[in-house]
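Topology and contacts: notes
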Amino acid sequence: MSWLDKILPSRIRAEKESKGSVPEGLWHKCLNCDTVIYRAEFEKNLNVCPKCNNHGRISARTRADIILDTEDRIEIFDNIMPVDMLNFKDKEKYKDKLLSTQKKTGEKDAMLVFKGNINKIPAIVCIFEYSFFGGSMGSVVGEKFSLAIKKCIEEKKPLVCFSASGGARMQESLFSLFQMAKTSAALNDLSQKGLPYISVLTDPTMGGVSASLAMLGDINIGEPNALIGFAGPRVIEQTVGEKLPNGFQRSEFLQDHGAIDFILDRNNQKAKLAEIISSLMSNYNSERISK
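Worth saying up front: this structure is predicted, and the values here are computed from it rather than measured.

1. Concerning the pattern of salt bridges
One pass over the structure, following the stated rule, counts 16 salt bridges. Among the salt bridges present, the one from Arg61 reaches Glu75, with a minimum N-O distance of 3.0 Å. Here the residue Arg61 occupies a position in helix H4 (residues 60-67), and Glu75 occupies one in strand S3 (residues 74-76), the gap between them amounting to 14 residues. Arg61 sits in the partly exposed class, given a relative accessible area of 34%.

2. Focus on the sheet that holds strand S4 (residues 111-118)
Read across the sheet, 7 strands follow the order S3-S4-S5-S6-S7-S8-S9 without closing on themselves; strand pairing throughout is mixed. The sheet is open, and its two borders are formed by S3 and strand S9 (262-263), each paired with just one other strand. As paired strands, strand S7 (residues 197-205) and strand S8 (residues 219-222) are joined by 4 bridges and run parallel to one another. When the sheet's bridge partners are listed, Ile198 is paired in S8 with Ile219.

3. Some points on the nonpolar core
In a soluble, globular protein the nonpolar side chains are often hidden away together inside. By size, the foremost hydrophobic cluster in this structure holds 61 residues, and its most contacted members are Ile118, Phe145, Leu159, Val160, Leu213 and Leu273. When neighbours within four sequence positions are excluded, Leu273 is seen to be in contact with Ile67, Ile118, Val160, Phe162, Ile198, Val200 and Ile221.

4. Brief notes about the state of the cysteines
Under the criterion given, the structure shown has 0 disulfides. The structure places no disulfide on Cys33, whose sulfur is separated from the nearest cysteine sulfur, that of Cys52, by 3.6 Å. Taking the relative accessible area as the measure of exposure, Cys33 reaches 26% and is therefore partly exposed. Sulfur of Cys49: no disulfide; nearest cysteine sulfur belongs to Cys52 and is 3.7 Å away.

The rules behind each value
- Residues numbered from 1 in each chain as written.
- Predicted model: local features only at pLDDT ≥ 70, side-chain atom pairs only at ≥ 80, totals over all residues.
- Heavy atoms only, no water.
- Salt bridge = Lys/Arg side-chain N within 4 Å of Asp/Glu carboxyl O.
- Helix = DSSP H or I, 4+ residues; strand = E, 2+ residues; numbered from the N terminus.
- Buried < 20%, exposed > 50% of the residue type's maximum accessible area, 1.4 Å probe, protein only.
- Pairing = 2+ DSSP bridges.
- Core = buried A, V, L, I, M, F, W, Y, C linked by side-chain atoms within 4.5 Å.
- Contact = heavy atoms within 4.5 Å.
- Disulfide = S-S within 2.5 Å.

Printed below as a string of structure tokens:
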């Protein structure tokens, strides 16, 4: 105990000690309404604020646990690794940053692909990992997404993608921008086969991802209050010199203006996705039989 602690009144010392006894990370403060929530309850509610329904960000593997049945679920294309083709360097080398990010997140890149079932309905599911370079789309993301589509075509299954991305990965320059065309062309192949693609846009879905695969779903679904757009609101305001309307580029605004089909709470996503896929695949199978 320091000399200052010794001369403090016992009441103040007790308050100080009790504050220090609270375990770090026990509480979560909602970023939208500032409500302080017991973290265990917040996580039990799938990182959704019970007061304002704000949907917090979750990891790709947590998303997979929420959406996919545990039985017969396997990760595919998990051996594909990013390569520093340009020897890119800013404050640090890209290859060094890749290694440190892989170690920190436990993931090889910003997308995971699973083959499994959603309430016993077969599907291929792509999920962005936002903590890996902000979910940016580089060559690995484009390749995994394209391979996922090939797997859908081979096995006659629907594709579901959960986007969470800041856009194209600047460290891969044009190789990253190529993925916009690559993924869009692959989705055209899927459409030609009549297989459904459901795109779920979560917070945030921006840049080259929003301008390609994220907005090309047969059905585009947004999570509540998700930021969705190409350039950010501040960039747009500076460019056009006008104040943007409230809620601009949020899911609710996009739904009102016809950019997405509807908004779906995280707690209801699994059941609703299974229902949609079942309906769309029934139409697909009926068309195959009629031909």
